[in-house]
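Chains, contacts and geometry: an overview
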Amino acid sequence: MNYYYINHRPSTGSDYVRQSSKALLLLLTLTISACGGGADSSDNTQGSTPPVVSPPNTSLPPVAEPTPTPELPEPEFEAAPSPAVVPLPTASSLQIPAPPPEFMLQTTFNRASLAVPISNITASSSGDENAGNTADKAVDGNLNTRWESAWSNTDKATADSAWLQFDFGSKTAIGYMKLQWENAYADEYALYVSDDAQNWYQLRYIAAAKGGTEEFFNLNVDARYLRLQGVRRHTQYGYSLFEVEFKSPGSDTVMPMHNTSYISYPLSGNGRVPLPAPAEPLESISFTLADGTLVTRFGMVGRSRHARERGEDWNEIGFGPNDTVDAQGNPVDKGPGAHLNFVANYFKNRTWGVEFIDNSNVAGVTAPRIIVNQYFQQAQKGGGHSFVRRFDEPGVTGFGWMSPGDLLDDSTYLSDGAPCPVVTKPANGVLLHPDSGFNGVIGANDGCSVVFDTYPGHRALSANADGVLVPNGSSVAARSLKKGDIIEFTSSFFSTRQVMDAIGDNGGVRYYTNELTYVMGQGLRPWYGVQPRLMNAPLPDSTLQGGLGSISYDYADNPSFMFQQQHNTIGMQNIQRFMEGRRWLHTNLWTGEHNESGNDRNDAGRHLQGEHFNQSSCFNCHIGNGRSVAPTTLNQRLDTMAVRVGETGTDSNGNALPHPVYGQALQMNARSTSTGDRQNWGNGAWVSGFDNHDVTLADGTVVQLRKPQIAFDGPVPGAYSVRSAQPLIGMGLLEAIDDDTILSWVRDIPDADGVAGSANYVYDPETGDVRLGRYGWKAGKASLRHQVANAALLDMSVTSSVYPTRLCLFGPEHCDASNAEPGLPDEALQLMTQYLQLLGVPAQRSVQSGFPKGVSPLPYLDVAPDKIAQGEQVFKAIRCNACHISDVQTSNRSEFAEVRNQRIKPYTDLLLHDMGAGLADNFAEGLATGNMWRTPPLWGLGYTEYVADGVPVGYLHDGRARTVTEAILWHGGEAEIIKNRFVNLPTNEREALLAFLQSL
C-alpha cells in the first residue's frame, strides 16, 4: 500500500492528507494546504507527471476531491514545559557582612542537652499598622494575637523594608527560631544580629519563603539583638506574624560533629586499573550480513509534532503567511514548536524500534531496496512510515512527505483496530527471519512490514521572481534506489484506546517521532536542512562533534532541549533504557514526582532523600542538562552549585579531610524526614559581594572581570571549592576514550608556551582499584557510575550500593555497608548511568541551512560559515587546542555500540592544568591542587544560554565568567601566554574566534 501524509497542526491551519495508490483513479490529484499556505499538488505516485504552477502566486483551479481514507486521531499537541523559575534575591538587597567570630558560638559550648526555650524577650518594630497588632504580640505566647507591620500609610518600598527586632537583654546563645506567619508573610527577608542595635551582621537570607511555619536550626549565634528584616512582601498588606519562638543551642537544634577520615591510595598511577571493557555491546545498532546486506537498528520515541514546526507559520514568499518576520522584515518569535520536548509518560510504552535491511551493498543488486520492520511495545495499526521530504511543493515548508513505501498487507492500515501484533526484538547480529519472510519478501516480519525501493517521481524546480524554487513544468521520473541515495525517514505510533487500556495506559494512542536521515549503503547520518525548503542532507563530517550520534540541527525552535537528546544512532532497545534513565534524573527523590507535568509518579523514587540536601533532582542543578545557576546577585544562595569542603588538615595524599560538621560537601537545604516540612539548618553558602578588575584588549575594549565573594551561614570550612554543575552531554563518549589515549597527552616538561598537563588518579569506591580520573572539575571521578553515585550522596543526600550510608560523607571510617540506609535501587543507578552514556552532543552549527525564502532563520542557526572557519584557524593559531583537543577517537570498551570507535571533537584532553592564582582555591583532590583544573569540554558551548532558557548561567568552575570572553581572560598559569595572544588579537580575529566558539 502506498500512501503519504502531511500532518495537521491546528494552530497553523495546515491539512493532513493521505493517499492510497491502490485507488489510483481516485488519487490523480489532491488538494494540499500545508503550513497555512495554499498550493497545488499532484499525487506524486511513482512515474506520474505533476501539474505546473504558473504563475505560483495565483489561485489554482479546483481539483477533484479524492475519496477520504479512514480518519486517524491527531497526536495531542504537548507544548514544551515552562522553564523552571529559579528564585533570586532582589537586586537591590542590602550588602551586610557575615557575623564576625565573636558573634558565633564557641565550639566549647555544651550542646549535649536538649534545647530549652528562651524567654523574657522584648520586641520592637519599624512601625505597627495599628495599636492592636503591635510588636509585643509576636512574643506573647498567644497564637490568637499577631504583629502587623505598617503598610496602609507608607509607600511600597518602606512597607517592604519593615522590620521586627528582638532584644534578649544581654548576649544570649541562640540555636533555634520558629516563625508562625499569617497569610501576609515575607517572600524575601533576612535575619540580622547585633550587640548594640547599630552595627548589624547578616545571619541568614531567605529569597523564596513559603510562609506558614518556618523553622531555623543551627543558628549558633551569641548576640543580644536579632532582627527580622523584610525585603519583599507576599501580599499588598504588611508582614503579619502570629508568634516567634527561640531556643538555646542543643542536641536537637545543632548539627553534630563527626570524626573524619580519608582513603589513602597511590597517586602516581602505579597499579592503575582501566575501566572494564565488555567484549560485546548491549545492543548491536549496525551490522553486515554475509552477503553484504547492511542492517541498521534504531530507536524511536513519541513526539507530538514534526521536526520542522516552529511556533509560527513560515511559508515562502507568495505562498501564505510568514509569521517569522514582521511587516518590516524583522525577526519575530511566537514561541517554540514541540518536537524535541518529551511527551507525557515518554518512558512508558512510548518507545519502539525500527530495523532497516538494505541490500544496496550486495554484489549484483541493481535495484536496491530497504525492508523496514518495526518493533512496538503494543499492537499497532499498519502504516505510518514515510520516506523522502516533499521538496517539490512550495506550500510544504514545515513538513510533508513524498512516499510511504509499500505496506505489505494493506488491510493492516485500512481495517479497524490495531492488527499489527507485538513482535519480539531480534538478537544481536541476526535477523528475526533470515531465511523466510512475508509474501516472498525475505526478512520481512509480517504484513506490517514495508518495502521502499523507488525514489519517487517529482516536479522539477526553477526559481521564480522571488527566488522561490517552484515547479517549472517539467518532471523528474521515478527511479530505482541506488547506493548513496539520501533518504529522510519518519515513523509513527498508531495504536488504539482499547489496546492502551488493556496494558494499563490511559495516555495517548497516537504520536509522531524523530525524523532521521539514512544514506543507502552507509546507515544513519545526522542531518540539516538545505534548499529547497530545508530538504534533508547529511551534515558534513567536520560538524559531527559527537560522532555519528551527533544531534541534528533543530528546526522546531526547541534549543532548550538540545542537551536532552539521545544519540542519533541509539539502538531500538537502548532507547527505552535512555528514557527510563531520564525519568530518574527528573524525579524528585523525596516526593517521587516528575518535574514535567503529566508524568506518572515514580514511587520507587519516594523518600530516598535524607534530611540535608542541595536539590531533590539532578535536573534542578543541571538546568536543561546544562550548567547550574551562576552567582550573579548579592545574597544569592548557591544551592544549585556544589560547594566541596574540608578541614585545614590533609591526609597523606594531600587531600583535605572532610569537615567535621559538613562532611565533604555543603548540603544547604533541609526538611523534616517525618513531616516533610522544609527547614533551615544554616548550611548555606551565599554571595556576599564581588571583586572586580578590568582588562583592556589590544583594540581598546575594556572587559570587567568579576569574581564572587562567598560567605557561609555556619562555620567557615578550612578548605572549600565552589563548583558549577557542568553540561551532561557526551559523557558516554568521554568514558569510551581509552586511558592510554588520555595519558599520551601528558607532558612532563612544559612545551614552549608553558603548557604541561597531568593526569589525576582516583580511588574506585566499589572495587578499591586506582583508576584514571576523567570526570568533575578536578578529574576526581573515574566513571559515570562513580560520578552519579557521588553526586547523589553529596548533592542530594541519596545513598546507593556505592555509598551505602550518608555518613560516607565523613570518610571511610563511617562508610560501612552494615549500616546501609535505603537509597537508589541498583536498577535506578544503572539506568541513570546509562542515560548519561547515551546523551548525544549537538552537531557544530557551522553550515548554513536552506531556510525558505523570506523566512527568518532561527537565531542559533543564523551562522556565518566563513567567519566560523576563520575563527577555527585563530583557535589553532593561538594554540587554544594545546589543551582543548578537537580530534579524538573513542575505543570499543563501552557497553554501548553508540559510543564505540567514534571520531569526536570534545575540545578537551581531560587532563589537569595549572590555571594560575586567579582561578585557584585551596581545595585539593588527589593530584589536583587548588590551582589545577581539568580541561572542560567545549562542545555545546554555543548552546549554553539557549539551554538555560532565561536562567542566568556562567562559565568556568564557579560560574564567575558572564561571557566566553571573560572566561578566556581569567586563564592564567599554563594558559597565560595563550591568553595574552587572545588579548592582542585584532578585532576581526577576536570576533571570528568567538563566532567559532559559539558555533560549537
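Above this text sits the structure in question.
**Regarding the overall build of the protein chain**
On a plain count of helices and strands, the protein chain comes out with 13 helices and 45 strands. Here the protein chain has a C-alpha radius of gyration of 31 Å; the compact-globule value for 1000 residues is 30 Å, and the two agree. The principal-axis extents of the C-alpha atoms in the protein chain amount to approximately 100 × 70 × 65 Å. Within the protein chain, the proportion of its 1000 residues that are buried is 61%.

**Here we look at the sheet that holds strand 3 (residues 122-125)**
As summarised here, the arrangement of the five strands in space is 3-5-10-7-8, forming an open sheet in which the pairing is antiparallel. What marks the edges here is a single partner per strand, and that holds for strand 3 and strand 8 (201-206). When strand polarity is set aside, the average angle formed by the axes of neighbouring strands in this sheet is 25°. Across four bridges, the pairing between strand 3 and strand 5 (residues 163-174) is antiparallel.

**Re the pairing of strand 7 (residues 186-194)**
Within strand 7, nine of the nine residues are buried, which leaves the element mostly enclosed by the surrounding structure. Sheet topology note: the strand 7/strand 10 (residues 221-233) ladder contains eight bridges and is antiparallel. The residue of strand 10 that forms the bridge with Leu191 is Leu228. In the sheet, strand 7 pairs with strand 8 via five bridges, with the strands oriented antiparallel. Among the inter-strand pairings, Leu191 is bridged to a residue of strand 8, identified as Arg204.

**Some details on unusual backbone geometry**
In this chain, Gln531 is followed by Pro532 through a cis amide linkage whose omega measures 0°. Along the chain, the position of Pro532 falls in the loop between strand 31 (527-530) and strand 32 (535-538). The backbone of Asn120 shows a phi angle near 55°, a positive value even though the residue is not glycine. Inspection of the secondary structure puts Asn120 in the loop between strand 2 (37-39) and strand 3. The exposure class assigned to Asn120 is exposed, which follows from its relative accessible area of 71%. Backbone geometry at Asn345 places phi at a positive 55°, although glycine is not the residue there. Within the secondary structure, Asn345 is located in the loop between strand 13 (294-301) and strand 14 (351-358).

**Some words on the packing of helix 9 (residues 865-877) against helix 13 (residues 987-999)**
One can describe the packing of helix 9 onto helix 13 by two numbers: an axis separation of 7 Å at closest approach and a directional angle of 100°. Classified by the interaxial angle, the pair formed by helix 9 and helix 13 is roughly perpendicular. Facing Lys867, Ile868, Gln870, Gly871, Glu872, Val874 and Phe875 of helix 9, the residues of helix 13 in contact are Asn988, Glu989, Glu991, Ala992, Leu993, Ala995, Phe996, Leu997 and Ser999. Split into classes, the residues belonging to the contact of helix 9 with helix 13 amount to eight nonpolar, four polar and four charged.

**Details of helix 8 (residues 826-837)**
An ideal rise of 1.5 Å per residue puts 16 Å on 12 residues; helix 8 measures up with 16 Å between its terminal C-alpha atoms. Here helix 8 lies mainly inside the structure; nine of its 12 residues are buried. All buried positions along helix 8 are accounted for by Ala828, Leu829, Leu831, Met832, Thr833, Gln834, Tyr835, Leu836 and Gln837. Considering only its buried residues, helix 8 is in contact with helix 4 (574-585), helix 5 (731-735) and helix 7 (784-796).

**Considering the environment of Leu608**
Tracing the sequence through the fold places Leu608 in the loop between helix 4 and strand 33 (612-613). Along the primary structure Leu608 and Thr591 are separated by 17 residues, whereas in three dimensions their C-alpha atoms are 8.9 Å apart. What Leu608 contacts, discounting residues up to four positions off in sequence, is Trp584, Leu589, Ser797, Val798, Arg806, Pro822, Gly823, Leu824 and Pro825.

**Comments concerning the sheet that holds strand 30 (residues 523-525)**
The strand order across the open sheet formed by five strands is 17-16-26-29-30, and the pairing between neighbours is antiparallel. Every interior strand has two partners, whereas the edge strands, strand 17 (401-403) and strand 30, have only one. Strand after strand, the sheet turns through a mean of 50° between neighbouring axes, direction not considered. Where strand 26 (residues 486-490) lies against strand 29 (residues 515-519), five bridges are found, and the strand directions are antiparallel. Bridged to Glu488 within strand 29 is Thr517.

**What to know about empty space enclosed by the protein**
Over the atoms, a rolling probe the size of a water molecule traces out where space has been left empty. Tallied over the entire structure, the rule returns six cavities of 30 Å³ or more. Around the second largest cavity sit 21 residues that line it, and Leu340, Asn514, Glu515, Ile551 and Ser552 are the ones nearest its centre.

**Details of the state of the cysteines**
The tally for this structure, following the rule as stated, stands at two disulfides. Disulfide partner of Cys420: Cys448, at an S-S distance of 1.8 Å. With the S-S dihedral at roughly -100°, the linkage between Cys420 and Cys448 falls on the left-handed side. One end of the pair, Cys420, is in the loop between helix 2 (411-414) and strand 19 (437-438); the other, Cys448, is in the loop between strand 20 (441-442) and strand 21 (450-452), and 28 residues separate them in sequence. Relative accessible area serves as the criterion here: at 6%, Cys420 is assigned to the buried category. One disulfide bridge connects Cys808 with Cys815, the sulfur atoms lying 2.0 Å from each other. Residues Cys808 and Cys815 share a disulfide whose torsion about the S-S bond is about 80°; that sign makes it right-handed.

**Details of helix 7**
In this model helix 7 runs 17 Å from its N-terminal to its C-terminal C-alpha over 13 residues, within 8% of the 18 Å that 1.5 Å per residue would give. Taken across its 13 residues, helix 7 has 10 buried, putting it largely inside the fold. If you check which residues of helix 7 are buried, you get Leu784, His786, Val788, Ala789, Asn790, Ala792, Leu793, Leu794, Asp795 and Met796. Looking at the packing, one finds that the buried side of helix 7 touches strand 33, strand 34 (642-646), helix 5, strand 40 (761-763) and helix 8. Ser797 lies just past helix 7 and shows a positive phi near 60°.

**Description of the pattern of salt bridges**
For side chains of opposite charge, pairing can occur when their charged atoms come near one another. One pass over the structure, following the stated rule, counts 49 salt bridges. Here Glu316 and Arg533 are joined by a salt bridge, their closest N and O atoms 2.5 Å apart. A residue pair is termed long-range when its members are at least 10 positions apart, and Glu316 in the loop between strand 13 and strand 14 and Arg533 in the loop between strand 31 and strand 32 qualify at 217 residues. The shortest N-O distance in the salt bridge between Arg601 and Asp603 comes to 2.6 Å.

The rules behind each value
- Residues numbered from 1 in each chain as written.
- Predicted model: local features only at pLDDT ≥ 70, side-chain atom pairs only at ≥ 80, totals over all residues.
- Heavy atoms only, no water.
- Helix = DSSP H or I, 4+ residues; strand = E, 2+ residues; numbered from the N terminus.
- Rg over C-alpha atoms; globule rule 2.2 N^0.38 Å.
- Buried < 20%, exposed > 50% of the residue type's maximum accessible area, 1.4 Å probe, protein only.
- Pairing = 2+ DSSP bridges.
- Axes fitted to C-alpha atoms, helices over the stretch in contact; angles between N-to-C directions.
- Parallel < 35°, antiparallel > 145°, perpendicular 65-115°, else oblique.
- Contact = heavy atoms within 4.5 Å.
- Nonpolar A, V, L, I, M, F, W, Y, C, P; charged D, E, K, R; others polar.
- Expected span 1.5 Å × (residues − 1).
- 1 Å grid on protein atoms, 1.4 Å probe; cavity = no way out; pocket = protein on both sides within 12 Å on 5 of 7 lines; lining within 4 Å.
- Points joined across faces, edges and corners; volume = space filled by probe spheres on them.
- Disulfide = S-S within 2.5 Å.
- Salt bridge = Lys/Arg side-chain N within 4 Å of Asp/Glu carboxyl O.

It is worth stressing that arrangement in space is one thing and function is another; only the former is reported here.
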